[in-house]
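Now for the letters of each chain:
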Amino acid sequence: MLRSLWNGASGMAAHAAKMDIVANNLANVNTTAYKKQKAAFTDLLYQRIGTTGQPVRESSSGPALSGSGVKLTAVSGLFTQGPIISTGRELDVAIRGNGFMEVELPNGQLAYTRDGNLQVDGEGTLVHSSGFRLSAQVMVPAGAKKLVIAPNGSITATLEDGTREEIGVLPLYRFNNPGGLMPIGQNLFVSTEESGAAWEEVPGQSGMGTFQQGMLEGSNVNLVEEMTQMIIAQRAYQFNSRSVQVADEMWGMANNLRK
Amino acid sequence: MIRGLYTAATGMLVQELKQDNITNNLANMNTPGYKKTELAVSSFPQVLLKRIDAIKGSAAGTTPVGPLNNGAMLDEQIIDWAEGNLEETGNSYDLAINGEGFFTIETAQGLRYTRNGSFRLDGQGYLVTAQGDYVLGLNGPILVQGSSFTVAADGSLTVDGVYVDHLLITGFPDKQGLQKMGHDLYSAPEGALPRALEPGETAVKQGFLEKPNLNLVNEMVNMLAALRTYEANQKVIQAHDELLAKSANEIGSLR
């Protein structure tokens, strides 16, 4: 009976976590380049019944086992392509296909992003929307009139006197398992043991994506799907709370054996 | 009369075990590839009740009264192998088996089998389960290095258009002895005769997961039935308690 209680409680905890994940996906339905997250469940260990004085027959087909509920095993990002939305802004760049841009955090650590809402900071360096510099270190010359970011990542500026100059190249980075990247907020991810280390590739080559200037990648959250997941999580929570209630009721009965 | 107390107590204990089983099924109502378990309850073997005759020296010494049961016990646990519905997830590392068989997993404890195809890649690019154990192909662990990973219905794996391996789908002539080990894994007993299924015997679907084969209405009804049976047995114990109280305190009391 205690086991029923814990089984129900584990179900409630796991589905409450699923609900948190769904709610976070819904909150980020309009976040640039947001990648939806998904909860994965697995059952817990099984224990042999019959060692504690319960009436159980020794069966020929193996011992009867009692399960101990469910747990959330992994929360992984789903890195499918989000919709490409045209913004017309010169410094917006979307990645169509595989790959990440690399950003240098103030502490020297590297982070990865698909959010291409770039800015120019006070010193003329290209920065990510969070204000952190791209590790490609692209300097925009003062007075540059026009910036062109080619699909292969090369950035060309038209200077004041009308001449054109290549001022830098944006490479793309890829991972063995992007699903294992850890989000750290501000549309940034850091690599983990799960994701493997990043390596550099040339955009448009060996299966990598390309840059699209004047566009941003939208969130890949599908509202209908998330609402369905929300209903599933809520109802599962209810079912499991019923398990706890019934266990409580049974315990009450055992408690009232002696009136 | 006192025997009745123990009989009713076995009833309560068995319903408790049933409830544990049902709550475990309910807790796993969103676990991919979960197979529900059911408990079979049977009665203890019947015994013949005899009365020891009061008259000494009679031929038999005892007179049969009739058969008697001493309550209920858990007979067997049954895993329901019925196939669950397939749900589309769109994730290319989510696989489902449409038909017979299990994915074969290499763990530190040996080979394990699962129907939960919610896989992912690890840091080196190997196809692994949520726990990080290797999913096996015909030639061992499966290395995926590339951007597009496709699994055909016959279990053949292609990375960026290049054939890599076939998924090792294991089948059993008799699934009865398979045991749940947690983490959606099953272990096979000695002599279970596992065999790699040929392409065509079963089908793999990429981008799908198998839902648990639970019927929620049934589980809830079973839960209520177990609760009320538990209650009925509790009432029997209480009635016995009252009877015992009567014989102990009222029979022969002088008032």
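Just so it is clear, the structure is predicted and the values come from calculations on it, not from any experiment.

Time to look at the overall build of chain A. Looking only at helices and strands, chain A has two helices and 19 strands in total. When the backbone C-alpha atoms are referred to their principal axes, chain A occupies close to 100 × 35 × 30 Å. Each of the 259 residues in chain A was classed as buried or not, and the buried ones make up 47%. Considering only intrachain contacts with a sequence separation of at least 6, the fraction spanning at least 24 residues in chain A is 64%. Of note, chain A has its 20 positive side-chain charges centred 15 Å away from the centre of its 23 negative side-chain charges.

All right, on to the overall build of chain B then. The number of helices and strands found in chain B is two helices and 21 strands. Here the C-alpha atoms of chain B give a radius of gyration of 27 Å, more than 25% beyond the 18 Å that 2.2 N^0.38 yields for 255 residues. Judged by the C-alpha coordinates and their principal axes, chain B covers about 95 × 40 × 30 Å. Long-range contacts, defined as pairs at least 24 residues apart, comprise 64% of the intrachain contacts of chain B with a sequence gap of at least 6. As displayed, chain B has an accessible area near 12,200 Å², and 55% of this comes from carbon and sulfur atoms. Each charge class in chain B can be summarised by its mean position, and for the 19 positive and 29 negative side chains these summaries are 14 Å apart.

Where helix 2 (residues 223-255) of chain A contacts helix 2 (residues 216-249) of chain B, the two axes come as close as 10 Å, and the packing angle between them is 10°. Here helix 2 of chain B runs roughly parallel to helix 2 of chain A, going by the angle between their axes. Of helix 2 of chain B, the residues touching helix 2 of chain A (which contributes Phe239(A), Arg242(A), Ser243(A), Val246(A), Glu249(A), Met250(A), Met253(A) and Ala254(A)) are Leu216(B), Met220(B), Met223(B), Leu227(B), Arg228(B), Tyr230(B), Glu231(B) and Gln234(B). Class assignment of the residues belonging to the contact of helix 2 of chain A with helix 2 of chain B gives a composition of 10 nonpolar, two polar and four charged.

Let us now look at the interface of chain A and chain B. At the interface, 60 residues of chain A touch 62 residues of chain B. Where chain A packs against chain B, one counts four salt bridges. For the salt bridge of Asp241(B) with Arg258(A), the shortest nitrogen-to-oxygen distance reads 3.4 Å. The interface formed by chain A and chain B includes 22 residue pairs in polar contact (both at pLDDT 80 or more). The dominant element in the side of chain A that touches chain B, judged by the number of residues it contributes, is helix 2 of chain A, at 12 residues. In terms of residue class, the side of chain A that touches chain B is built from 22 nonpolar, 26 polar and 12 charged.

Further remarks concern the confidence of the model for chain B. All names here are of chain B. Predicted confidence across chain B gives a mean pLDDT of 89, with 96% of residues reaching 70 or more. The element-level mean pLDDT for chain B is lowest in strand 2 (residues 47-52), coming to 81, with strand 7 (residues 102-107) highest at 95. The ipTM for the predicted assembly is 0.83, set against a pTM of 0.86.

All names here are of chain B. With respect to topology, three strands assemble into an open sheet ordered 13-14-15, the strand pairing being antiparallel. Here the strands that pair on one side only, and so sit at the sheet edges, are strand 13 (149-151) and strand 15 (162-166). Strand-to-strand twist of the sheet, defined as the mean angle between neighbouring strand axes without regard to direction, takes the value 25°. Pairing between strand 14 (residues 156-159) and strand 15: four bridges, direction antiparallel. The residue bridging Thr 158 from the neighbouring strand is Tyr 163, located in strand 15.

Within the largest apolar cluster, 24 residues are counted, with the highest numbers of intra-cluster contacts made by Leu126(A), Leu147(A), Ile155(A), Ile167(A), Leu170(A) and Phe211(A). Mapped onto this core, the elements with two or more residues apiece are strand 6 (93-96), strand 7 (101-104), strand 11 (146-149), strand 12 (154-158) and strand 16 (188-190) of chain A. Setting aside anything within four residues of it in sequence, one finds Leu126(A) in contact with Leu91(A), Leu118(A), Gln119(A), Val120(A), Arg133(A), Leu134(A), Val138(A), Val140(A) and Ile155(A). Grouped together as the second largest cluster of nonpolar side chains are 20 residues, Leu127(B), Val151(B), Val159(B) and Leu185(B) included.

Moving on, we get to the pattern of salt bridges. In this structure the tally under the stated criterion is 18 salt bridges over all chains. We note a salt bridge from Asp121(A) to Arg133(A), for which the minimum N-O separation is 3.7 Å. One end of the pair, Asp121(A), is in the loop between strand 9 (119-120) and strand 10 (126-127); the other, Arg133(A), is in the loop between strand 10 and strand 11, and 12 residues separate them in sequence. Residue class for Asp121(A) comes out partly exposed when judged on its relative accessible area of 23%. Judged by relative accessible area, which is 28%, Arg133(A) ranks as partly exposed. For Glu231(B), the salt bridge identified is with Arg228(B), shortest N-O distance 2.6 Å.

Below, the discussion takes up the sheet that holds strand 12 of chain A. All names here are of chain A. Strand order in the open sheet formed by three strands is 11-12-13, and the pairing between neighbours is antiparallel. The open sheet has two edge strands with one neighbour each: strand 11 and strand 13 (164-169). The sheet shows a mean angle of 25° between the axes of neighbouring strands, direction not considered. Judged from the four bridges that link them, strand 11 and strand 12 form a sheet pairing that is antiparallel. Bridge pairing in strand 12 places Val 148 opposite Thr 156.

Calculation notes
Residues numbered from 1 in each chain as written. Chains lettered and ligands numbered in written order. Predicted model: local features only at pLDDT ≥ 70, side-chain atom pairs only at ≥ 80, totals over all residues. Heavy atoms only, no water. Helix = DSSP H or I, 4+ residues; strand = E, 2+ residues; numbered from the N terminus. Buried < 20%, exposed > 50% of the residue type's maximum accessible area, 1.4 Å probe, protein only. Contact = heavy atoms within 4.5 Å. Lys, Arg positive; Asp, Glu negative; His and termini not counted. Charge placed at Lys NZ, Arg CZ, Asp CG, Glu CD. Rg over C-alpha atoms; globule rule 2.2 N^0.38 Å. Areas by Shrake-Rupley, 256 points an atom, 1.4 Å probe, with all protein chains shown as cover. Axes fitted to C-alpha atoms, helices over the stretch in contact; angles between N-to-C directions. Parallel < 35°, antiparallel > 145°, perpendicular 65-115°, else oblique. Nonpolar A, V, L, I, M, F, W, Y, C, P; charged D, E, K, R; others polar. Salt bridge = Lys/Arg side-chain N within 4 Å of Asp/Glu carboxyl O. Polar contact = N/O pair within 3.5 Å; in protein donor to acceptor, adjacent residues only side chain to side chain. pLDDT = per-residue confidence, 0-100. Pairing = 2+ DSSP bridges. Core = buried A, V, L, I, M, F, W, Y, C linked by side-chain atoms within 4.5 Å.

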